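Below are the chains, spelled out letter by letter.
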Amino acid sequence: MMISILDQFEQGVGSRIKIVPSSKQLLDESFDKDTDLQRIPILSKKKVNFSPSDKIAQLLVSNEYVVLVMVNNVLLRINLKQDNIEEIDTLKTSSLKVKQLFLDPFGEHLLISCGNISSSQLFYATKQLSKLKPVGKYQGSEITSVAWNYDYRVKSTSSTTGPILLGNSSGAIIETQLGTEFDRFFQGSVVQYWKEVFDISKGQPIPIIGLQYHRVGKSDLFYILAITPTKLYQFIDFIFNKDERPMLQQIFNNYLTIPERFYEVPTVVKHSKLHFYFLNNDFTAPKYFGFLTELGVFVAEIDINKDEKTIFSSHELIEYSRLYGRDDDDFTVPLSMTFTRYHVLLLFPERVIAVSLVAPADRNASQVMDEDYCSDSYGRLLNITKDLMTGTIWLYAERAVFRYKINKEDRHVWKVYLDKGMFEEAKEICINNPHRINQVLVRQAEHFFNSKQYENSALIYANLNVSFEEIVLKFLHLNEKKPIKLFLMKKLHGLNSQDYTKITMITLWLIELFANELAVLRNSKQGKLQEYTTLQESFKQFLSTSIIQDCIRKNWESIYDILASHGDVSFMIWLALENQDYKRVIQHYLNEENIAEALTLLDNHPFSELFYTFSSDLVEKAPAQTVSILIKQGQKLDPLKVINALIIPNPSERLAMEIIRYLEYSIHCLNCHAESVHNYLISLYIKYNKDKLMNYLKLQGREITAVSYSPEFALRLCREHQLGEACVQLSIVLGLWEAAVDLALTISVDLAKTTASLPNNNIELSKKLWLKIAQYVVKQNNDIEQAMRFLEECKFIKIEDILPFFPDFVTIDHFKDAVCSSLEVYNKDIQNLKEEMEDATKSAEVIRSEILSFRNGYMLIQPSNECSSCHEQLMTKAFYTFPCSHCFHAECLIKEMQPYVDSSIINTIKDLQVCSCGAVDLLILK
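Keep in mind that this is a model prediction, so the values were computed, not measured. Going along each chain's sequence as written, the residues are numbered from 1 onward. pLDDT decides what is reported in this predicted model: residues at 70 or higher carry local features, side-chain atom pairs at 80 or more are listed and counted, and totals for whole chains, interfaces and linings draw on all residues regardless. Remark: hydrogens and water are excluded; side-chain values derive from all non-hydrogen atoms of the structure.

Quick look at the overall build of the protein chain now. Summing up its helical and strand segments, the protein chain has 35 helices and 30 strands in all. Buried positions account for 47% of the 926 residues belonging to the protein chain. Any two residues having at least one pair of non-hydrogen atoms within 4.5 Å are treated as being in contact. Partitioning the contacts of the protein chain with sequence separation of at least 6, the portion at a separation of at least 24 is 52%. Here the accessible surface of atoms and residues is derived via Shrake-Rupley with a 1.4 Å probe, and residues count as covered only by protein chains that are part of the display. Carbon together with sulfur atoms contributes 50% to the accessible area of the protein chain, which is approximately 48500 Å² in total. Numbered from the N terminus, helices here are DSSP runs of H or I no shorter than four residues, and strands are runs of E no shorter than two. Here the term buried applies to any residue with accessible area under 20% of the maximum for its type, exposed to any over 50%, and partly exposed to those in between, with areas from a 1.4 Å probe on protein chains only.

Here is the structure:
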């Protein structure tokens, strides 16, 4: 029985092939896994545990579903997934012999072509149908080929085949659709429709050896291939109505008026079939097809051309006589064939060989990559077939069935591609083998270099782990600089951010190359503006690359030196702006006296540090514009730092006024209270705008703790510049009232009077100041009348205060009224004092009488009296009683007193309690 075939096969291969596993894969030239692979054959077969009761005639496998017929007409169906064998002996007693079996790729539908000398018959069965159904409409020539429907929907609905094509021995192509669902509705027939859609024979019977049709992806384009003994026919067209039956006749109808397209081929062997290879078992995308001829294997790759209506553009004939790289006229035609990814397997009477589909570059090299010889103990080898769904290859002889496993079949193919210069194909195979892919890329890079495709070579070399110096030297010898530039740029992008040294070296080198190219174009006499602009844009794009930004920031000076050495000032400015190095750009504009550009840049990129750095230079050359930009920044700038830049020795009046404008803005709008700012403003006021000084001082006030400037500093400057009124104001702030009045008297008496009237809260000081003014008026001005008016203006001064200041010979007439007024005031004061003394005497008498009455007074204490604090009986403890009738225990009274007296008094009371009650009583009463 054919039981657990897959498990047996894997075990068999494992027992035959023993590979020593390596600890790790090395990537240097000394290691290549091909050495170990040489011990492993590409073709590894295992005999299936199955012994047929008679000789096998034919065997097919699809989707792990085996159908075989023996020479005694017994038909076996084996489901490998369920290890189930089913025998159908319907034909065992029939006079018809099984000619051919046709099994669809999904293993769901089976056609059996039977016949004898006089007649032919076609039978149909499905996987679920245990009996063979005759195809009733079939009659005539033998069915020699079937083009199954490869649509996956057929697999999901196994009751119908979908539209299929049949080719017979007379050259007719028939379209039909078979299925068990039609058996219910059409009185036992399995045929939905049956129609001959094309005849290749043209009246002369020609057998159709192979026939297949496919849909191009999910499009409406279909194509059909048919082979006869000498021709390969191709039909291709669109089918827009896929529900029309017959469906494929829509393609053939186009060839009723035009000749069909065919290709002359060497004589096709009678037992050949049309084989397709599907990449990754994707039936929607066949890769190539082929068949056996008497001279060789015809192989063509699918290449659909809708316009020319061709299915392939080129083909190859793998000649039997050249399989081993030498001419051999005594060759044998294979019995059958099948495709793998890179090989075609050919079955000969005693062996199976794997022939590379890629012809070697050396014509004398062998295309046979492996050979597997078979014993004749199981009878003749009959056929090799492939399960298209699983990719498994089966070989059967008369008495045995074998299953093949393909091992690493790409081991030689990549080298063949490499030797033929087919690098992309070689890379596709080696994609998971770093050692091989490195070899392919090296060869490809060398090929491009030798063929003067330097740019392509540079791009590949940059991805290789080869000597950097060696590759650089290769390109340095060239007159063109673009290849080495491409190499360096590609190499740069392959580095990690940790490779800082390499990044720096390559970046600076590339900048030098770009700058040199730009300089050459810039100095060229020929008009190359477009080329120069393009190169400049490429340079800018390179400098904007993220991987080199850190390198650029750390190597500013070197980069600027390179650009400066080539005289590329405009690019230096662009680079500095791009990397926000505005400081360098502004300095450049200042050096070039381009103040407008510097101010514009400063205005557009308001970084505070730029203002602090360049305000000093800019404000000297453009005061108004600079100050306007500073004011525009508002609170973004620190006035203290700005002032440091605006402190300019001996500024012009225009410049000083602009600085004053910014200082006033800082004080009034930004609420700046920094002493240095205010001091600087005062110094500028004193020199350039004295009118504003007094307003400023008045706004600041007279309190020394409230002013923002240094009064001492301001007073010193005002004295130097002889600003008397300001000195008076500053002396007031400093509390130097007498000095302020003295200074005010040198200016005007009114100013002195105003100054003396300010300290209202200090009568003594105010009186003293007014007396100072009076003394000045009397002695200096000898103005007795004005001095008398002081008595009216200041209420603190009396006539007797200023009399000492009068000259000895002054007559009383000048101050008679004042003396009389003063005497009247004194008289009133004396009367008031007398009245107060009388009131005091009366109050003293009343107090004496009350004290005498208290000495003889007493209070009655009842036993029921309670303490006013704790409300317990009063007489249980020592107590105090008061005239107001309140009574307290001594302890309660002390507690009640605690919130209202100092802790020191409480402590004293407690100490005295210990000494004597009398002392305590005395202290409490106090």
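What makes a salt bridge here is a side-chain nitrogen of Lys or Arg within 4 Å of a carboxyl oxygen of Asp or Glu, nothing more. Enumeration over the complete set of coordinates arrives at 27 salt bridges. Its salt-bridge partner being Lys231, residue Glu264 comes within 3.9 Å of it at the nearest N-O pair. Taken together, the positions of Glu264 in strand β17 (residues 261-264) and Lys231 in strand β16 (residues 231-238) put the pair 33 residues apart, joining distant regions of the chain. Between Lys309 and Asp237 there is a salt bridge whose closest N-O contact spans 3.4 Å. Taken together, the residues Lys309 in the loop between β20 (296-301) and β21 (315-319) and Asp237 in strand β16 connect sequence positions 72 residues apart. Taking relative accessible area as the criterion, Lys309 reaches 29% and is therefore assigned partly exposed. You can call Asp237 buried: its relative accessible area is 12%. Three or more residues are tied together by salt bridges with common partners; here these are Glu350, Arg351 and Glu371.

Now for the nonpolar core. Nonpolar cores were defined as sets of buried Ala, Val, Leu, Ile, Met, Phe, Trp, Tyr and Cys residues, with membership established by side-chain atoms within 4.5 Å. Judged by nonpolar contacts, the single largest core of 120 residues is most densely connected at Phe475, Phe487, Phe539, Phe542, Leu543, Leu693 and Tyr709. Of all the elements, helix α12 (residues 500-523) adds the most residues to this core, at nine residues. Excluding anything up to four places from it in sequence, Phe487 contacts Ala458, Tyr461, Ala462, Phe468, Ile471 and Val472. The next biggest cluster of nonpolar side chains, apart from the first, holds 44 residues, and it includes Ile236, Leu274, Phe298 and Met389.

Quick look at the sheet that holds strand β28 (residues 401-406) now. Note on sheets: strands pair through backbone hydrogen bonds, and any given pair is parallel or antiparallel. The rule for pairing is simple: two strands pair if DSSP sees at least two bridges between them. With antiparallel pairing, four strands are arranged side by side in an open sheet as β1-β28-β27-β26. The outermost strands of the open sheet, each flanked by one partner alone, are β1 (43-47) and β26 (381-386). Strand-to-strand twist across the sheet, computed as the mean angle between neighbouring axes with direction ignored, equals 25 degrees. As paired strands, β1 and β28 are joined by five bridges and run antiparallel to one another. Along β28, the bridge assignment pairs Leu43 with Ile406. Axes here refer to lines fitted to C-alpha atoms; in helices the fit is confined to the stretch in contact. Angles between the N-to-C directions go from 0 to 180 degrees.

Turning next to helix α20 (residues 623-633). Burial in α20 covers these residues: Pro623, Thr626, Val627, Ile629, Leu630 and Gln633. Looking straight down α20, one finds its buried side chains confined to an arc of 160 degrees; they lie on one side. Against α18 (595-604), α19 (608-621), α21 (639-646) and α22 (653-668) lie the buried residues of α20. For this quantity, the arc is that covered by the directions from the helix axis to the C-beta atoms.

With that settled, the discussion passes to the environment of Leu769. Tracing the backbone through its elements, the reader meets Leu769 in helix α29 (residues 763-780). Sequence separation between Leu769 and Ser757 is twelve residues; the distance between their C-alpha atoms is 8.4 Å. Each residue touching Leu769, except ones within four places of it in the same chain, is listed here: Trp737, Glu738, Val741, Ala756 and Pro759.

Confidence per residue, as judged by the predictor, is encoded in pLDDT with a range of 0 to 100. Scored by pLDDT, the protein chain has a mean of 83; 86% of the residues are at 70 or more. Of the regions scoring below 50 in pLDDT, residues 1-32 engages in 52 contacts with residues more than four places distant in sequence or in other chains. Segment residues 917-926: pLDDT under 50, and 13 contacts once partners within four positions in sequence are set aside and those in other chains are kept.

Where α12 contacts helix α13 (residues 529-543), the two axes come as close as 10 Å, and the packing angle between them is 165 degrees. One way to sum up the angle between α12 and α13 is to call them roughly antiparallel. Crossing handedness for the pair α12 and α13: left-handed. Facing Thr507, Leu510, Ile511, Phe514, Ala515, Glu517, Leu518, Leu521 and Arg522 of α12, the residues of α13 in contact are Glu531, Tyr532, Leu535, Gln536, Ser538, Phe539, Phe542 and Leu543. Residue polarity is assigned by list, with Asp, Glu, Lys and Arg as charged and Ala, Val, Leu, Ile, Met, Phe, Trp, Tyr, Cys and Pro as nonpolar; anything else, Gly included, falls into the polar class. Across the contact of α12 with α13, the residue classes tally to eleven nonpolar, three polar and three charged. Should an angle lie under 35 degrees it is considered roughly parallel, over 145 roughly antiparallel, and from 65 to 115 roughly perpendicular; all remaining angles are considered oblique. A clockwise turn of the near helix away from the far one marks a right-handed crossing, whereas an anticlockwise turn of less than a right angle marks a left-handed crossing.

At the junction of Arg245 and Pro246, the peptide bond is cis and its omega measures out at 0 degrees in the coordinates. Among the secondary structure elements, Pro246 is positioned in the loop between β16 and α5 (249-252). Positive phi outside glycine occurs at Lys452, with the angle close to 65 degrees. Tracing the chain through its elements places Lys452 in the loop between α8 (434-450) and α9 (454-461). Backbone geometry places Gln722, a non-glycine residue, at a positive phi of 55 degrees. With respect to the helices and strands, Gln722 occurs in the loop between α25 (711-720) and α26 (724-733). Since its relative accessible area comes to 72%, Gln722 is described here as exposed.

Only the six-membered ring of Trp is used, alongside the rings of Phe and Tyr, when aromatic pairs are assigned; centres must lie within 6.5 Å, and planes under 30 degrees apart are stacked while those over 60 apart are edge-to-face, with the rest tilted. On inspection of all chains with the given rule, the structure shows 38 aromatic pairs. Each ring, one from Tyr320 and one from Phe331, has its centre 5.9 Å from the other, and the planes form 50 degrees; the classification is tilted. Placement of Tyr320 in the loop between β21 and β22 (336-339) and of Phe331 in the loop between β21 and β22 is noted, with a sequence separation of eleven residues between them. Looking at Tyr320, the relative accessible area reads 4%, which means it is buried.

Strands sit in the order β10-β11-β12-β13 across an open sheet of four strands; the sheet is antiparallel. Strands at the two margins of the open sheet, each flanked by one partner only, are β10 (143-147) and β13 (191-199). In this sheet, neighbouring strand axes are inclined to one another by 25 degrees on average, regardless of whether the strands run parallel or antiparallel. Bridge count between strand β12 (residues 172-178) and β13: seven bridges; the pairing is antiparallel. Note on β13: the bridge partner recorded for Ile173 is Phe198.

Relative to the assigned elements, Arg77 resides in strand β4 (residues 75-79). Relative accessible area serves as the criterion here: at 3%, Arg77 is assigned to the buried category. Any N or O atom pair separated by 3.5 Å or less is treated as a polar contact, with the protein-specific requirement of one donor-capable and one acceptor-capable atom, and with residues adjacent in sequence counted only for side-chain atom pairs. Polar contacts involving the side chain of Arg77 include one to the side chain of Tyr65, which spans 3.4 Å. Apart from residues lying up to four places away in sequence, Arg77 is in contact with Tyr65, Val66, Val67, Asn84, Ile85, Glu86, Ile88, Ala125, Thr126, Lys127, Leu129 and Ser130.

This part is about a negative patch on the surface. Surface patches are defined over residues having more than 30% relative accessible area and no salt bridge, joining like charges when they lie within 9 Å and nonpolar side chains (Val, Leu, Ile, Met, Phe, Trp, Tyr) when within 5 Å. Lys and Arg are tallied as positive, Asp and Glu as negative. Neither His nor the chain termini are counted. Where a charge lies is defined by one atom per residue type, namely NZ (Lys), CZ (Arg), CG (Asp) and CD (Glu). On the surface, Glu835, Glu836, Glu838 and Asp839 cluster together into a patch of negative charge. With respect to the secondary-structure elements, Glu836 resides in helix α32 (residues 816-855). Glu836 gets classed as exposed once you look at its relative accessible area, which sits at 51%.

For strand β24 (residues 351-356), a buried count of six out of six residues is recorded, marking the element as mostly surrounded by other parts of the structure. Of the two faces of β24, the one holding Arg351, Ile353 and Val355 and the one holding Val352, Ala354 and Ser356 are both buried throughout. Sheet topology places strand β23 (residues 343-347) next to β24; five bridges connect them, and they run antiparallel. Counterpart to Leu346 in the pairing with β24 is Ile353. Sheet topology places β24 next to strand β25 (residues 368-373); five bridges connect them, and they run antiparallel.

With respect to the helices, strands and loops of the structure, Glu425 is situated in helix α7 (residues 423-429). Put simply, Glu425 and Trp414 are eleven residues apart on the chain and 7.5 Å apart in space, counted from C-alpha to C-alpha.

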